[in-house]
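Below are the chains, spelled out letter by letter.
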Amino acid sequence: MNSPADVQPPSAIALLPLALFLALFLGTGIYFQNEGVEYAFYQLPSPVAILPAIVLGILLSRQAFEERIATFVAGVGNSNIITMCMIYLLAGAFSTVAEATGGVDAMVALGLNVIPASFLLPGLFLIAGVISTAMGTSMGTLAALAPVVLGIGEATDLSLPLLAGVLVSGAMFGDNLSIISDTTIAATRTQGCTMRDKFRANLKVSIPAAILTVVWLMSYDTSNVPLQIPDANFWLCLPYFAIIVLAVMGLNVFAVLGLGIVLAAAFGMVAVDYQLVKFSQDIYDGFTSMQEIFLLSLLIGGLSGLIRQQGGLAFLARFVESIASRVSKHKQRSSALGIAGLTSLTNLCVANNTVSILLAGEVSKRLAVNGNIAARQSASLLDIFACTVQGVLPYGAQALLMGASFGISPLSVSLNTGYCFILGGVALVLIIWRKPLENREPEVQQAAL
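Since this is a predicted model, take the numbers as computed values, not measurements.

Asks: What's the story with the confidence of the model for the protein chain in this structure? I'm lost.
Replies: In low-pLDDT regions, the fine details of the predicted coordinates are not to be read closely. Confidence in the prediction of the protein chain, expressed as mean pLDDT, is 83, and 91% of residues score 70 or more. Per-element averaging of pLDDT across the protein chain places helix 23 (residues 442-447) at the bottom with 38 and helix 3 (residues 51-60) at the top with 94. Scored below 50 in pLDDT, residues 442-449 shows 14 contacts in the model against residues more than four places distant or in partner chains.

Right under this line is the structure:
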């Protein structure tokens, strides 16, 4: 972290590396999209796309060359960045081990067992939400549920785009709330709050949005839809529920994930003859599944250090705050709108909710401090608007996956993700009509900068 004497005055030029990264990421995505390549916006790995930006950031610095490198390395080694990366590894290990032992199949079967046919669409939304909350990944949830729901769609006259949109809605609902989601990890670490506090702040927005979504989905008549429930051992659901309960109780996240990994393996060894060697391999596979976001977090930390030292983050915070203040003269409300707008715009550019949080995180922290907004509130806003935009993007991974799985247009999927539209609307209404949560310890939050 740079000392105040090392930091340059606010400068727009210092943001050029960030603009270069976004241009490369967005430009290649548009190019491959025009070429008809699947997952066009995911062809250029983000850790590679950011390398030219880092080089430019080093070249723009006025420090001695050794000091430029030291500034970059200090950003990479920031305690929040390192902690975030360690949590990524543990979350990946838990998700992989629990899935390998049959936990995902058990969660799907449990959900289908408890919902009646007349409640099918709201039930699928809630099942996807619970599984995504437990797994911490919207993509893993969609991959697990897509074959089951596609079978339902092919056996009935239910709209495939509607079914796909319901699944994406539920997956984003859970991804937004999950304490082991990479979006939650990024949001809480960049804002400096606990996962439990962010979870509680999120509930105040997510639950009203979920209720409105359920009411909307209940308007569809599905009473005659046949359900085929897969066989599964329901005991394998317990590790998922355990980590949710332990996290909400406030147990340290490292302890929560560590216990979750052990519980998932133990239940697997009893229920499905899960072998110790396979356990060790799955832990490593879980680590490698987080490789891209792990590397990107480190590199963004270093780039942020360079941009911060050159006054870029101070300029961006001031600019966003000035735009938001024109919308609302209330300082807290304008800061909250600034966080929402910055996160949404970033997600539109990179089509990845976790990356958008990492990019917008530090400026959002400054906006929260300036507006005296509680860290849990700013973390909640970051995650909510990143997930909202991600869920409605036709070129986002979720819409692309469901489009490919169901053989339909990704745009038709996006147009049916009702929960994401409702969530964004509810969040904006609460920002405009209710006072954001105040930070009662401003000096602690300021010190975190």
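Asks: Got a minute to help me understand helix 11 (residues 195-217) in this structure?
Replies: Along an α-helix, residues three or four apart share an orientation, since each turn contains 3.6 residues. Within helix 11, the axis deviates most sharply at L203, by approximately 40 degrees. Listed as buried for helix 11 are M195, K198, F199, A201, N202, V205, S206, A209, A210, T213, V214 and L217.

Asks: Even after reading the chapter, I still don't get the environment of Y42, so can you show me in this structure?
Replies: Take Y42: it is sitting in the loop between helix 1 (16-34) and helix 2 (46-49). Residues Y42 and F267 lie 225 residues apart in sequence; the distance between their C-alpha atoms is 36 Å. In contact with Y42, other than residues within four places in its own chain, are A351, N352, Q390, Y395, G396, A397 and L400.

Asks: Hey, could you run me through the nonpolar core in this one?
Replies: What tends to happen in soluble globular proteins is that the nonpolar side chains get buried as a cluster. With 127 residues, the main nonpolar core has F21, I50, M402 and F406 as its most contacted residues. Non-local contacts of I50, meaning those with residues more than four positions away in its chain, are made with F21, L296, L299, I300 and L303. Core analysis: the second largest hydrophobic core is formed by six residues, A40, F41, L393 and Y395 among them.

Asks: Help me understand the packing of helix 9 (residues 160-177) against helix 22 (residues 418-433) in this model?
Replies: Describing two packed helices takes the angle between their axes plus the distance from one axis to the other. Here helix 9 crosses helix 22 at 45 degrees, and the two axes come no closer than 7 Å. By the angle between their axes, helix 9 is oblique relative to helix 22. Taking contact as the criterion, the partners of S169, M172, F173 and N176 in helix 9 are, on helix 22, G418, Y419, C420 and L423. Tallied by class, residues from the contact of helix 9 with helix 22 come to five nonpolar, three polar and no charged.

Asks: Looking at this model, I keep getting lost on the pattern of salt bridges. Mind explaining?
Replies: Side-chain pairs of opposite charge can arise whenever the charged atoms involved come near each other. Summed over the entire model, instances satisfying the criterion amount to three salt bridges. For K278, the salt bridge goes to D282, with nearest N and O atoms at 2.8 Å. Placement of both K278 and D282 in helix 14 (residues 276-289) is noted, with a separation of four residues, approximately one turn of the helix. Taking the relative accessible area as the measure of exposure, D282 reaches 4% and is therefore buried.

Asks: When you look at unusual backbone geometry in this model, what are you seeing that I'm missing?
Replies: A negative phi holds for most residues other than glycine; trans holds for most peptide bonds. Positive phi values are uncommon outside glycine, yet D273 reaches one of about 55 degrees. Tracing the backbone shows D273 in the loop between helix 13 (253-271) and helix 14. Taking the relative accessible area as the measure of exposure, D273 reaches 56% and is therefore exposed. A positive phi angle, near 55 degrees, is found at N372, a position not held by glycine. Residue placement: N372 occurs in the loop between helix 18 (353-370) and helix 19 (375-392). Overall, the relative accessible area of 27% leaves N372 in the partly exposed class.

Asks: Would you mind showing me how to read the packing of aromatic side chains here?
Replies: What describes a pair of aromatic rings is the distance from one ring centre to the other and the angle between the planes of the rings. Under the counting rule described, the total for this entry stands at eight aromatic pairs. Measuring from ring centre to ring centre gives 5.9 Å for F21 and F25, while their planes differ by 55 degrees; the resulting arrangement is tilted. In this pair, F21 and F25 both sit in helix 1, four residues apart, roughly one turn of the helix. Each member of the pair, F21 together with F25, is buried. Note on F125 and Y419: the rings are 5.5 Å apart at their centroids and 50 degrees apart in plane angle, and the pair reads as tilted. With F125 in helix 7 (residues 120-135) and Y419 in helix 22, the pair connects residues that are 294 residues apart, well separated along the chain. Grouping residues by exposure puts F125 and Y419 together as buried. Put simply, the rings of F125, F173 and Y419 touch in pairs and so form one group of aromatic residues.

Scoring rules and cut-offs
Within every chain, residues take consecutive numbers counted from 1 along the sequence as written. Local features are withheld for residues below a pLDDT of 70 in this predicted model, meaning they are given only at 70 or higher, and side-chain atom pairs are given and counted only at 80 or more; totals for whole chains, interfaces and linings count all residues. To get the side-chain values, all heavy atoms of the structure are used, and hydrogens and water are removed first. For every residue, the predictor reports its confidence as pLDDT, a number between 0 and 100. A run of H or I in DSSP becomes a helix once it reaches four residues, and a run of E becomes a strand once it reaches two; helices and strands are each numbered from the N terminus. By the convention used here, residues are in contact when the closest approach between their heavy atoms is within 4.5 Å. In this scheme, the bend at a residue equals the angle between the axes fitted to the seven residues that finish there and the seven that begin there. Only protein chains enter the area calculation, which uses a 1.4 Å probe; residues under 20% of their type maximum are buried, those over 50% are exposed, and those in between are partly exposed. Side-chain atoms within 4.5 Å link the members of a nonpolar core, which is a set of buried Ala, Val, Leu, Ile, Met, Phe, Trp, Tyr and Cys residues. Axis geometry follows a simple rule: fit a line to the C-alpha atoms, using only the stretch in contact for helices, then measure angles between N-to-C directions, giving values from 0 to 180 degrees. Should an angle lie under 35 degrees it is considered roughly parallel, over 145 roughly antiparallel, and from 65 to 115 roughly perpendicular; all remaining angles are considered oblique. Under the convention adopted here, Pro, Cys and the residues Ala, Val, Leu, Ile, Met, Phe, Trp and Tyr are nonpolar, Asp, Glu, Lys and Arg are charged, and Gly plus all remaining residues are polar. Salt-bridge detection follows one rule: a side-chain nitrogen of Lys or Arg within 4 Å of a carboxyl oxygen of Asp or Glu. What counts as a ring pair is set by centres within 6.5 Å for rings of Phe, Tyr and Trp (its six-membered ring), and what kind of pair is set by the plane angle: stacked under 30 degrees, edge-to-face over 60, tilted for all other angles.

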